[in-house]
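Now for the letters of each chain:
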Amino acid sequence: MSLYSEYMEEIATRKNELGLHAKPIDSAELLAEIIEQIKDTTNVNREDSIQFFIYNTLPGTTPAAGVKAKFLKEIILGQEQVAEISTEFAFELLSHMKGGPSIEVLLDLALSDDSSVALPAAEVLKTQVFLYEADTARLEAAVKAGNTIAKELLESYAQAEFFTKLPELPEEIKVVTYVAAEGDISTDLLSPGNQAHSRSDRELHGQCMITPEAQEKIKELQAANPDAKVMLVAEKGTMGVGSSRMSGVNNVALWTGEPVSPYVPFVNKAPIVAGTNGISPIFLTTVDVTGGIGIDLKNWVKKTDADGKVVKDDSGEPILEQVYSVDTGSVLTINTKQKKLYNGDKELADISASFTPAKVEFMRAGGSYAVVFGKKLQTFAAETLGVEAPSVFAPAKEISHKGQGLTAVEKIFNRNALGVKSSTPLHTGSDIRVKVNIVGSQDTTGLMTAQELEAMAATVISPSVDGAYQSGCHTASVWDSKAQANIPKLMSFMHNFGMITGRDPKGVYYPMTDVIHKVLNDITVDDRDIIIGGDSHTRMSKGVAFGADSGTVALALATGEASMPIPDSVKVTFKGQMKSYMDFRDVVHATQMQMLKEFGENVFQGRIIEVHIGTLLADQAFTFTDWTAEMKAKASINISEDETLIESLEIAKSRIQIMIDKGMDNDKQMLQGLVDKASKRIADIKSGAEPALRPDANAKYYAELVVDLDQIDEPMIADPDVNNPDPSKRYTHDSIRGLSYYGGTKQVDLGFVGSCMVHKGDMQIIAQMFRNLEQQNGSVEFKAPLVVAPPTYNIVDELKAEGDWEILQKYAGFEFDDSAPKDTARTKYENIMYLERPGCNLCMGNQEKAEKGDTVMATSTRLFEGRVVQDSDEKKGESLLASTPAVVLSTILGRTPTLDEYKAAVEGIHLTDFAPPAKELNTGPATIEFNI
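Before going into details, it helps to say that this report is about the structure given with it. Computed from a predicted structure; not experimentally measured.

The rules behind these values
Residues numbered from 1 in each chain as written. Predicted model: local features only at pLDDT ≥ 70, side-chain atom pairs only at ≥ 80, totals over all residues. Heavy atoms only, no water. Helix = DSSP H or I, 4+ residues; strand = E, 2+ residues; numbered from the N terminus. Rg over C-alpha atoms; globule rule 2.2 N^0.38 Å. Buried < 20%, exposed > 50% of the residue type's maximum accessible area, 1.4 Å probe, protein only. Contact = heavy atoms within 4.5 Å. Core = buried A, V, L, I, M, F, W, Y, C linked by side-chain atoms within 4.5 Å. Axes fitted to C-alpha atoms, helices over the stretch in contact; angles between N-to-C directions. Parallel < 35°, antiparallel > 145°, perpendicular 65-115°, else oblique. Left-handed = near helix turned anticlockwise from the far one by under 90°. Nonpolar A, V, L, I, M, F, W, Y, C, P; charged D, E, K, R; others polar. 1 Å grid on protein atoms, 1.4 Å probe; cavity = no way out; pocket = protein on both sides within 12 Å on 5 of 7 lines; lining within 4 Å. Points joined across faces, edges and corners; volume = space filled by probe spheres on them. Pairing = 2+ DSSP bridges. Right-handed = clockwise from strand over helix to strand, strands pointing away. Disulfide = S-S within 2.5 Å. Polar contact = N/O pair within 3.5 Å; in protein donor to acceptor, adjacent residues only side chain to side chain.

For the protein chain, the count of helices and strands is 31 helices and 33 strands. Taking 932 residues into account, the globule formula puts the C-alpha radius of gyration at 30 Å, and the protein chain, at 28 Å, falls close to it. In terms of its C-alpha atoms, the protein chain occupies a principal-axis envelope of roughly 90 × 70 × 60 Å. Taken over 932 residues, the protein chain has a buried fraction of 60%. Partitioning the contacts of the protein chain with sequence separation of at least 6, the portion at a separation of at least 24 is 74%.

Laid out in structure tokens, this is it:
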């Protein structure tokens, strides 16, 4: 059977079973067959083949794009004749292919001696921005050789005509609202984790956004308001909390945006999203990638009395009152010039923050990528011609306050700044380009990252990136047919691109499914690094890490840089003393609770949490930084003592060496480079040349919080509060409750110890609890299932060497076997312990799940509706988040323990080494070196 016949069968299946269109073509071999059918004017499939070639072939650097560009070149040169594709149309098709093979073809034509093709090729090239070193090198050489068209191209690029000739934004944009949910809207609602396998198939994945009923309502709104765009709204909440999924914005754009090109299927841009409390920072970055608009509505405010004091209800919560309605079907107007939201002539809100100069550029260019590449292209052209580039783009925002010290994030951004003109250090609010040191891609968004790399015509990782890792952890728990089809393909692509991959495409080293955040935490070997990762929990305990969408990850991989504002910081310090029976996880939860109590609102949201950890090693400190995603912070920075940082770096070096010993290093010896970098950082700390990162004593913070450890006297639980009468307060991470709230009577149906929130110490705690119970009762019995998933294989190896793995095996009713991994997800659980493969497991919700309606106690970070557990017909599923000892004891009892039961179970177990630093961890003003 030919590839075309197979493709037609696939089309029929998609249409009949799923109601979908043909899948876009990325195969060179398939497109080659299609082209042969186009050439054969008598072929019965010729008409369909023409349509597939023009409208259904993926652009960029896909294998199919190379074949398409070559055929279009042959048409332009008259070597092939296709009645339906004129020379002019062939040039138009090349103009929509976004780089890679199309740029190569256009340069071939533009730099040729045939002016009949050189001139139109040059006109198309003037509109393109996705040029890489090989392309610009050809232009530079041609200019030096006296080629007039090459010079004309560079003059156009230097003037940034690819941007200046774009149409301005319309002054008014009419919108019709659709309230997607009341309360915080997780990206799980827009792109459910259990549909992760389909994310790279955009049309298919689009079917899972919200509900089929919601999709129908959106269609109705569009039909009733043909001159308006649907604006998705999070009523009384924040839009896009949780994960950093490009797929979430892609789905919103697919349903409510507009096509990027008539020749690129199922890729839309310019969605409009809004929330009473705005858009989460991670999601807003993703909106920028698509040239969309994110709006902070502020349509509900806290009610105040005559004296201006906030009025509270019987439970002590502020009472909210509505300023204006955005109920579904409300027709509003966005004025992009006045930067305001209107209902008719009535002004509703100032939305200036949605239309900063940089954001307007993203909207005008159709997304942030085009602006990033455009700036680089303009700089190259001006430097090559020896002229000064005109100020076309919004200038980098450089804010410096004389006499004001620097926070930790300000120091990191200043150290990594690119193209900065200021001679003085920059402060919060500055918006600049920065070098990215470490990049991470995870496996359920990795295929999308690969697509983005192909779309922006990138073929190799930027040489300025120190370390980059592609994980296999999000699909580790079940090696099903979807994983078997997707993951090897992903690993091969990323390996060839230049990343370190969790699985070796050649099968030389053992498959690793280590949790990506743990690997990134190890390969971050400088506390002054900037890290970008394709997951909201990319929050390292060294350096400053930002969770990002798959597109921003692709951009960081391709360019080695990112553009972003320097965020405000909130300083978190500690006082008092931890009680011996408390776990550090309880400190993390209590921090959130004490913050909300002190400030009455979430001062962490959208800001950096600068936490003065002091003596806690990177593994344990990661528990805090990881949780800051749930605090809605933009990122977190740990301030450590010198000796602690050195010890953490030594541990990181040893773990990277294990990866090298397993054969994971690549041809460029990326891992060895990280070991060398760690050694230098350790030497600089020891010599005093560059001590551990410290903020300045006179740094300015948005807020400062002192966490009182003396107040933490029982395990703290993050409760989804599924039965709260106010739906906006369900499934948030703000309901932090003490263990005694449950009175030792709440039934627990399943326990989960795993995800990125646990480390080796958690596995040791389980082992010691089992030993204690053996001594007390003779054995360990479970009244509820317990799922344990260690975060990394290194930890498993260390536990085996030290003897703790043996007792875990003893009480495991199931133990993972890498030679025969599970190929189907578990749907029922027995009252045993399941010792699972390292990876994310239940936390992801895309493979394993608890039984419907279960009450789950988990060390996870996710309590969203339907994530770890779905509702049953009889009962809402709920995922309560707690420390490892609290989870384990709950499964042994089959219910939440009393405080006395808990204390007895952990007696004699060393839970944490955390204690507040003995002295202030800051320094005087420092000298900053710019990378200009």
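Among the nonpolar cores identified, the biggest contains 149 residues, and Phe53, Ile85, Tyr157 and Met456 are the most heavily contacted of them. Per-element accounting of this core gives the leading share, 9 residues, to helix α17 (residues 368-385). In this structure, phenylalanine 53 is in contact with Leu31, Ile34, Ile35, Ile38, Lys68, Phe71, Leu72 and Ile85, ignoring residues within four places of it in sequence. One finds Leu709, Ile736, Val758 and Val787 within the second-largest nonpolar core, a separate group that totals 89 residues.

The subject of this paragraph is the packing of helix α27 (residues 760-777) against helix α30 (residues 884-893). Direction vectors running N to C along α27 and α30 enclose 40°, while the axes themselves pass 10 Å from each other. It follows that α27 is oblique to α30 by the angle criterion. Crossing of α27 against α30: the hand is right-handed. Here Asp762, Ile765, Ile766, Met769, Phe770 and Leu773 of α27 come into contact with α30, specifically with Thr884, Pro885, Val888, Leu889 and Ile892. Its residues placed into classes, the contact of α27 with α30 shows 9 nonpolar, 1 polar and 1 charged.

What follows deals with the packing of helix α23 (residues 584-599) against helix α24 (residues 618-627). Two quantities define a packed helix pair, namely the angle between the helix axes and the distance between the axes. Put simply, α23 and α24 touch, their axes get as near as 9 Å, and they point 30° apart. In terms of their interaxial angle, α23 and α24 are classed as roughly parallel. Handedness of the α23/α24 crossing: right-handed. Here α23 contributes Phe584, Arg585, Val588, His589, Thr591 and Gln592 to the contact with α24, which in turn contributes Gln620, Thr623, Phe624 and Trp627. Looking at the contact of α23 with α24 residue by residue, the class counts come to 4 nonpolar, 5 polar and 1 charged.

Let us now look at empty space enclosed by the protein. Enumeration according to the criterion identifies 9 cavities of 30 Å³ or more in this entry. Space inside the largest cavity adds up to approximately 110 Å³. Together, 14 residues line the largest cavity, and His474, His517, Asp535, His537 and Cys843 are the ones closest to its centre. For the lining of the largest cavity, the per-class residue count stands at 5 nonpolar, 6 polar and 3 charged.

A few words on the pairing of strand β7 (residues 272-275). Here β7 shows two buried faces, one formed by Ile272 and Ala274 and the other by Val273 and Gly275. Relative to β7, strand β3 (residues 229-235) runs parallel, the two being bridged by 4 bridges. Bridged to alanine 234 within β7 is glycine 275. Sheet topology note: the β7/strand β8 (residues 293-296) ladder contains 4 bridges and is parallel. Paired with glycine 275 across the two strands is aspartate 296, which belongs to β8. In this view, the connection linking β7 to its parallel neighbour β8 by way of helix α15 (residues 281-289) has right-handed handedness.

Tallied over the entire structure, the rule returns 0 disulfides. There is no disulfide at cysteine 208, and the cysteine sulfur nearest it, in cysteine 843, is 18 Å away. A disulfide-free cysteine, cysteine 843 has its sulfur positioned 5.9 Å from the sulfur of cysteine 756, the nearest such atom. A relative accessible area of 8% means that cysteine 843 is categorised as buried.

Strand pairing in a sheet takes place through backbone hydrogen bonds and is either antiparallel or parallel in direction. Strand order in the open sheet made by the 3 strands is β14-β15-β21, with antiparallel pairing throughout. The sheet is open, and its two borders are formed by β14 (417-418) and β21 (561-565), each paired with just one other strand. Two strands pair when backbone bridges link them, and strand β15 (residues 431-435) and β21 are joined in this way by 5 bridges, in the antiparallel orientation. What sits directly across from valine 434, in β21, is alanine 562.

Here threonine 177 is to be found in strand β1 (residues 172-182). Relative accessible area serves as the criterion here: at 0%, threonine 177 is assigned to the buried category. Separated by 3.2 Å, the side chain of threonine 177 and the backbone oxygen of valine 326 make a polar contact. For threonine 177, the contacting residues outside a window of four places in its chain are Leu221, Met231, Val233, Val326, Asp327, Thr328, Gly329, Ser330 and Leu332.

Our focus in this paragraph is the sheet that holds strand β18 (residues 500-501). Across the sheet, 5 strands lie side by side as β18-β17-β16-β19-β20; this open sheet has parallel pairing. Edge positions in the sheet fall to β18 and β20 (544-547), since each of these pairs with one other strand and no more. Summarising the sheet, strand β16 (residues 438-441) and strand β19 (residues 530-533) pair through 3 bridges and their orientation is parallel. In the strand pairing of β19, valine 439 is matched with isoleucine 532. Against the sheet, helix α26 (residues 670-687) engages β16, β17 (467-470) and β18, with an angle of about 130° to β17.

Look at tyrosine 731: it is not a glycine, yet its phi comes out positive at around 60°. Inspection of the secondary structure assignment puts tyrosine 731 in the loop between β26 (716-718) and β27 (736-738). What makes tyrosine 731 buried here is its relative accessible area of 13%. Within the chain, serine 755 stands out as a residue other than glycine whose phi angle is a positive 75°. Note that serine 755 resides in the loop between β28 (750-753) and α27. Judged by relative accessible area, serine 755 falls into the buried class, the value being 1%.

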